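Breakdown of the fold
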Amino acid sequence: MQRRQLAARALAGAAIAAALPIAARAMPEQNENVVFSAADPGHWTGVEALHVPDVTVDGSTLTVKTPHPMSQPHYIVSHTVVLEGGKFLDRKTFAYTDQPVSTHTLPAGYKGLVTVTSTCNLHDFWVKRITV
Ligand SMILES: [Fe+2]
């Protein structure tokens, strides 16, 4: 390989490496069959009623319930709550012997978007967004 070709390939490699963080940031927009919701159950169509978290707010208390049976081979693993702007609020993990219910305290006077996730050990990652 000629020196000029080698230099060109090295520059091309550097350009690709520089572009990777941009591509990685774009990935959250491509959630088909990665993140599931009532409106987009993807390949899990038919089981969304058991996996989409039910979210209620009473004052500053946010309650998350997933209407999913709990058994050793098949259960809800966790709930996560994220506020507007991607600010992580809280996470609760479950054993198969638990009920998939969690409570979280919103910051005083919080108004805005709340993203809640529920993860099933067999049926992946489900999301629900509400505005409080
Ligand atoms: Fe499940």
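Here the structure is shown first, and the text comes after it.
Bear in mind that the values here come from a model prediction, so they are computed numbers and not experimental data.

If you walk across this open sheet you meet the five strands as S1-S8-S7-S4-S5, and the pairing is mixed. Two strands close off the open sheet at either side, each with one partner strand: strand S1 (35-36) and strand S5 (87-93). Bridge analysis of strand S4 (residues 76-83) against S5 gives six bridges, and the strand direction is antiparallel. From the neighbouring strand, Leu83 faces S5, where its bridge partner is Lys87.

Looking now at the sheet that holds strand S6 (residues 101-105). With respect to topology, three strands assemble into an open sheet ordered S2-S3-S6, the strand pairing being antiparallel. Since the sheet does not close on itself, it has two edges, and those belong to strand S2 (54-58) and S6, each with one partner. Adjacent strand axes in the sheet meet at a mean angle of 20 degrees, parallel and antiparallel pairs treated alike. Alignment of strand S3 (residues 61-65) against S6, held across five bridges, turns out to be antiparallel. Within S6, the position partnered with Thr63 by the bridge is Thr103.

Residue alternation in S3 divides its side chains into a buried set, Leu62 and Val64, and an unburied set, Thr61, Thr63 and Lys65. As paired strands, S2 and S3 are joined by five bridges and run antiparallel to one another. When the sheet's bridge partners are listed, Thr56 is paired in S3 with Thr63. Where S2 hands over to S3, the hairpin turn is made up of two residues, of which Gly59 adopts a positive phi near 65 degrees.

In this structure, Val55, Leu62, Val64, Val81, Val114 and Val116 together form the largest nonpolar core, which totals six residues. Looking at this core, the elements with two or more residues in it are S3 and strand S7 (113-120). With near-sequence residues (within four places) excluded, Val116 lies in contact with Pro53, Val55, Val64, His79, Val81 and Lys128.

Located in the positive-phi region is Asn33, a residue other than glycine, with phi close to 60 degrees. Along the chain, Asn33 turns up in the loop between helix H1 (3-26) and S1. For Asn33, a count of 12 C-beta atoms within 10 Å gives the class exposed. Even without a glycine there, the phi angle at Asp124 is positive, about 70 degrees.

Scoring rules and cut-offs
- Residues numbered from 1 in each chain as written.
- Predicted model: local features only at pLDDT ≥ 70, side-chain atom pairs only at ≥ 80, totals over all residues.
- Pairing = 2+ DSSP bridges.
- Helix = DSSP H or I, 4+ residues; strand = E, 2+ residues; numbered from the N terminus.
- Axes fitted to C-alpha atoms, helices over the stretch in contact; angles between N-to-C directions.
- Buried ≥ 20, exposed ≤ 12 C-beta atoms within 10 Å, placed from the backbone.
- Core = buried A, V, L, I, M, F, W, Y, C linked by C-beta atoms within 7 Å.
- Contact = placed C-beta atoms within 7 Å.

Keep in mind these values describe shape, not function.
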